[in-house]
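Close look at the chain arrangement
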Amino acid sequence: MQVYLDNNATTRIDDAVVDAMLPFLSERYGNPSSMHTFGGQVATDIYHARTQIAKLINADPDEIIFTGSGTEGNNTAIRSALEAYPGKRHVVTTMVEHPSVKGMGDYLEKNGYRVTRIPVDSTGNLNLEMLENSLTPDTAIVSIMWANNETGVLFPIPEIARLCASRNILFHTDAVQATGKIPIDMRDVPADYLSMSAHKIHGPKGIGVLFVRKNTPFHPLMIGGHQEHGRRAGTENAASIIGFGKAAELSAAHLAAGDAEMAALRDHLQDSLTTAIPNAFVNGLAADRLPNTLSISFEFIEGEAILLMLNEFQIQASSGSACTSGSLEPSHVLRAMGVPYTAAHGTIRFSLSRFTTRSEIDKIIEILPGIVKQLRAMSPYWSDAN
Ligand code: PLP
């Protein structure tokens, strides 16, 4: 039995999504910009997908711009704000963003901008006082993720959006991990930009959306054709857009039905592992978290070794380290939370989806304690500590 618990990396595409896409990969190949009905019908279907996605976050279909990924949405939003206010040279973000925002911050800093990265505490929560104090008339944009991809910790985005709105500062949120997992209502949250990605919600890879609120300044990243009302040039990826629309509709229905089952499975995994395994800690336990994510550290062993052994049992998860230039550094998220190196190195992220079953979870609970025990028996740090 394959046990797939790496859904924050990507999800299995829903069969209904594939069915919706297939005609657009074969007989319905018309260009939506064409004058003829054959292409024009595809434009109508794309508009339908736009309404399905708008509905998931209670936005207007005109506020939805299709992009090539969540990464593109994040890049576009930040660059757009900087172009809107060329005189403003300050950007605010956090210490725990996804590389698509973190990397943009690093790039901007090298190019003469001032970047403030708000820290988090050991629970993963953001220092809101520091955020408020960092805002100045020179701040062009604040970009803060809604849900953290590694720990699942949720930031208080409605509150942050209201704070930025009250100061007349543009606000972008990377909601790639939040959409489809928690309710989002853009009529309630005054964010200017919000990024999403289809492959995190059982849609296809390589298609994203940037929500841009009506009357918010916007400058496209892609220049060329008139597609997306001149906001994102390039012939539309019709099949993927249709797939994203279907995936959004299914996610909305799933959310409306309540996510109690997935959260209960995550909690069952969390409680069983922390009970069965000594020196095991849950990252972000005291914070509000996504219902599908469990980041758990096993002291004195290597996460990569755990992953390789889990892989032998066809269990897929991911670790909390990033292999940079040959050295295994714990992730910037865990470092920002002050997780000790001895624990950060042994961190595993399990991320569930609506397809996760109780028997998958039980297989991990059966196998992982033995793996940790075996690795610790070989670890000099464990024997020193005990
Ligand atoms: N933002 C977050 C929080 C993510 O988890 C990811 C994907 O891992 C992205 C952005 C990037 O999305 P995409 O893979 O569509 O570029």
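Look above for the structure.
Owing to the predicted nature of the structure, the values given are computational and were not obtained by experimental measurement. (Residues numbered from 1 in each chain as written. Predicted model: local features only at pLDDT ≥ 70, side-chain atom pairs only at ≥ 80, totals over all residues. Heavy atoms only, no water.)

Right, let's get into the sheet that holds strand E2 (residues 64–67). Reading across the sheet, the seven strands line up as E2-E8-E7-E6-E5-E3-E4 and stay open at both edges, with mixed pairing between neighbours. Whereas interior strands pair on both sides, the edge strands pair on one side only; in this sheet they are E2 and strand E4 (114–118). In this sheet, neighbouring strand axes are inclined to one another by 20° on average, regardless of whether the strands run parallel or antiparallel. Here four bridges tie E2 to strand E8 (residues 208–212), and the two strands are oriented antiparallel to one another. Pairing of Phe66 across the sheet is with Val209, part of E8. This element, helix H2 (residues 37–56), spans E2, strand E7 (193–197) and E8 of the sheet and lies at about 110° to E2. Packing against the sheet, helix H3 (residues 70–84) makes contact with E2, strand E3 (90–94), strand E5 (139–143), strand E6 (170–174), E7 and E8, and its axis sits at approximately 165° to E7. (Pairing = 2+ DSSP bridges. Helix = DSSP H or I, 4+ residues; strand = E, 2+ residues; numbered from the N terminus. Axes fitted to C-alpha atoms, helices over the stretch in contact; angles between N-to-C directions. Contact = heavy atoms within 4.5 Å.)

A word on the site of the ligand. As a structural note, the neighbourhood of the ligand is formed by 14 residues, with Gly70, Thr71, Asp174, Ser197 and Lys200 the closest of them. Here a nitrogen atom of the ligand sits 2.6 Å away from a polar atom, N or O, in the side chain of Asp174. A distance of 2.9 Å separates an oxygen atom of the ligand from a polar atom in the side chain of His199. Contact with the protein chains hides 87% of the accessible area of the ligand, taken as 390 Å² for the molecule alone. (Near = heavy atom within 4 Å. Polar contact = N/O pair within 3.5 Å; in protein donor to acceptor, adjacent residues only side chain to side chain. Areas by Shrake-Rupley, 256 points an atom, 1.4 Å probe, with all protein chains shown as cover.)

Of all the five residues making up strand E15 (residues 347–351), five are buried; the element is thus mostly covered by neighbouring parts of the structure. Residues of E15 alternate between two faces, with Thr347, Arg349 and Ser351 on one and Ile348 and Phe350 on the opposite face, all of them buried. Direction of pairing for strand E12 (residues 318–319) relative to E15: antiparallel, over a ladder of two bridges. What sits directly across from Ser318, in E15, is Arg349. (Buried < 20%, exposed > 50% of the residue type's maximum accessible area, 1.4 Å probe, protein only.)

With that settled, the discussion passes to the packing of helix H10 (residues 303–312) against helix H13 (residues 358–377). Running from amino to carboxyl end, H10 crosses H13 at an angle of 135°, the nearest separation of the two axes being 10 Å. One finds that H10 runs oblique with respect to H13. Between H10 and H13 the crossing geometry is right-handed. Across the interface between the two elements, Ala305, Ile306, Met309 and Leu310 of H10 pack against Leu368, Ile371, Gln374 and Leu375 of H13. Partitioned by chemical class, the residues of the contact of H10 with H13 number seven nonpolar, one polar and no charged. (Parallel < 35°, antiparallel > 145°, perpendicular 65-115°, else oblique. Left-handed = near helix turned anticlockwise from the far one by under 90°. Nonpolar A, V, L, I, M, F, W, Y, C, P; charged D, E, K, R; others polar.)

Here the structure, examined in full by the defined rule, presents 15 salt bridges. Notably, a salt bridge pairs Arg28 with Asp45, separated by 2.5 Å at the nearest N-O pair. Residue Arg28 is located in the loop between helix H1 (15–25) and H2, and its partner Asp45 is located in helix H2; the two are separated by 17 residues in the primary sequence. Given a relative accessible area of 26%, Arg28 falls into the partly exposed group. (Salt bridge = Lys/Arg side-chain N within 4 Å of Asp/Glu carboxyl O.)

Before going further, it helps to examine the environment of Ile296. Here Ile296 is to be found in strand E10 (residues 293–298). In the structure, Ile296 is positioned 191 residues away from Gly105 in sequence and 28 Å away in space, judged by C-alpha atoms. Residues contacting Ile296, with those up to four places away along its chain left out, are Leu273, Thr274, Ala280, Phe281, Val282, Asn283, Gly346, Thr347, Ile348 and Phe350.

Before going further, it helps to spend a moment on helix H6 (residues 157–166). Along an α-helix, a turn takes 3.6 residues, which lines up residues three or four apart on a common side. Listed in full, the buried residues belonging to H6 are Ile157, Ile160, Ala161, Leu163 and Cys164. Seen end-on, H6 carries its buried residues on one side only, within an arc spanning 160°. Residues of H6 that are buried in the fold lie against helix H5 (128–134), E5 and E6. Positioned one or two residues after H6, Asn168 has a phi angle of 60°, which is positive. (Arc of directions from axis to C-beta.)

This part takes up the sheet that holds strand E9 (residues 280–282). The strand order across the open sheet formed by four strands is E9-E10-E15-E12, and the pairing between neighbours is antiparallel. Edge positions in the sheet fall to E9 and E12, since each of these pairs with one other strand and no more. Where E9 lies against E10, three bridges are found, and the strand directions are antiparallel. From the neighbouring strand, Phe281 faces E10, where its bridge partner is Ser297. Where helix H9 (residues 260–276) meets the sheet, its contacts fall on E9, E10 and E15, and the angle it forms with E10 comes to roughly 10°.

Note that all results are geometric; they support no functional claim without further evidence.
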